[in-house]
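If you want the building blocks of each chain, they are given just below.
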Amino acid sequence: MAGLYLEQFEVGAVIRHTLTKSVTESDNMLFSVMTLNPQPLHIDFDFAAKSEWGRPLVNSLFTLGLMIGISVHDTTLGTTIGNLGMTDTEFPHPVFHGDTIRCETEIKSVRESRSKPDRGIVEFEHRAFNQDGVLVARCTRQAMMLKTPKA
């Protein structure tokens, strides 16, 4: 499915994304190693077992990337110019190996560009939930979006 153009976004609409992902130990380890993050809560089972969580936590930046990545097919695939920023990012509950993540996106605002007539800005609120429906991540993202091309 192609992404949406600026005019297709409606403030208040909630898109429930059909893609889901069960997070694996390999996902967490590979992401942590690729980003040079040596945090033992993510990669050291013995250390994590002695923490209040009793097991490794999935790297929160992996969770953030997964949440936004899951949204792409339904929102910005081929129609975005780029991200402008992310704010209000929070991780209210940890993600563990084996959790299955599902996401939804709410359209918070839409406006045309003041300087370029072929584009505008959409503000998204992305939310990720585990298999039990517990909110595990949320962020607000602003993206520069194309308008529908003129024929």
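Residues numbered from 1 in each chain as written. Predicted model: local features only at pLDDT ≥ 70, side-chain atom pairs only at ≥ 80, totals over all residues. Heavy atoms only, no water.

### Here we look at unusual backbone geometry
In the Ramachandran plot, L36 falls in the positive-phi region, its phi being about 55° despite a non-glycine side chain. Its place among the elements puts L36 in the loop between helix 1 (25-34) and helix 2 (40-43). Phi angles above zero are rare outside glycine, and D88 is one such case at about 50°. Looking at D88, the relative accessible area reads 58%, which means it is exposed. (Helix = DSSP H or I, 4+ residues; strand = E, 2+ residues; numbered from the N terminus. Buried < 20%, exposed > 50% of the residue type's maximum accessible area, 1.4 Å probe, protein only.)

### So, the pattern of salt bridges
All told, the structure shown has ten salt bridges when counted by the stated rule. Residues E104 and R16 are paired through a salt bridge, measuring 3.8 Å at the closest nitrogen-oxygen approach. Separated by 88 residues along the polypeptide, E104 in strand 4 (residues 100-112) and R16 in strand 1 (residues 14-16) bring together distant segments of the chain. The class of E104 is buried, set by a relative accessible area of 10%. Note on R16: relative accessible area 59%, which makes it exposed. The salt bridge partner of R127 is E125, with a shortest N-O separation of 2.4 Å. With relative accessibility at 10%, the residue R127 sits in the buried group. (Salt bridge = Lys/Arg side-chain N within 4 Å of Asp/Glu carboxyl O.)

### Notes on the UniProt feature "domain: MaoC-like" (unreviewed entry) in the protein chain
Under the local residue numbering, the UniProt record ascribes the feature "domain: MaoC-like" (unreviewed entry) to residues 11-116. Between the C-alpha atoms that bound residues 11-116 there is a distance of 21 Å. The span itself is 33% helix and 27% strand. (UniProt positions renumbered as here; feature names shortened; annotations may be inferred.)

### Description of helix 1
Along helix 1, the residues classified as buried are D27, N28 and S32. Along helix 1, the residues classed as buried sweep out an arc of 120° about the axis, all on the same side. Relative to its buried face, helix 1 has exposed residues pointing more than 90 degrees away, namely L30, V33 and M34. Buried-residue contacts for helix 1 involve strand 2 (21-22), helix 2 and helix 4 (60-75). Of the residues trailing helix 1, L36 is marked for its positive phi of about 55°. (Arc of directions from axis to C-beta. Contact = heavy atoms within 4.5 Å.)

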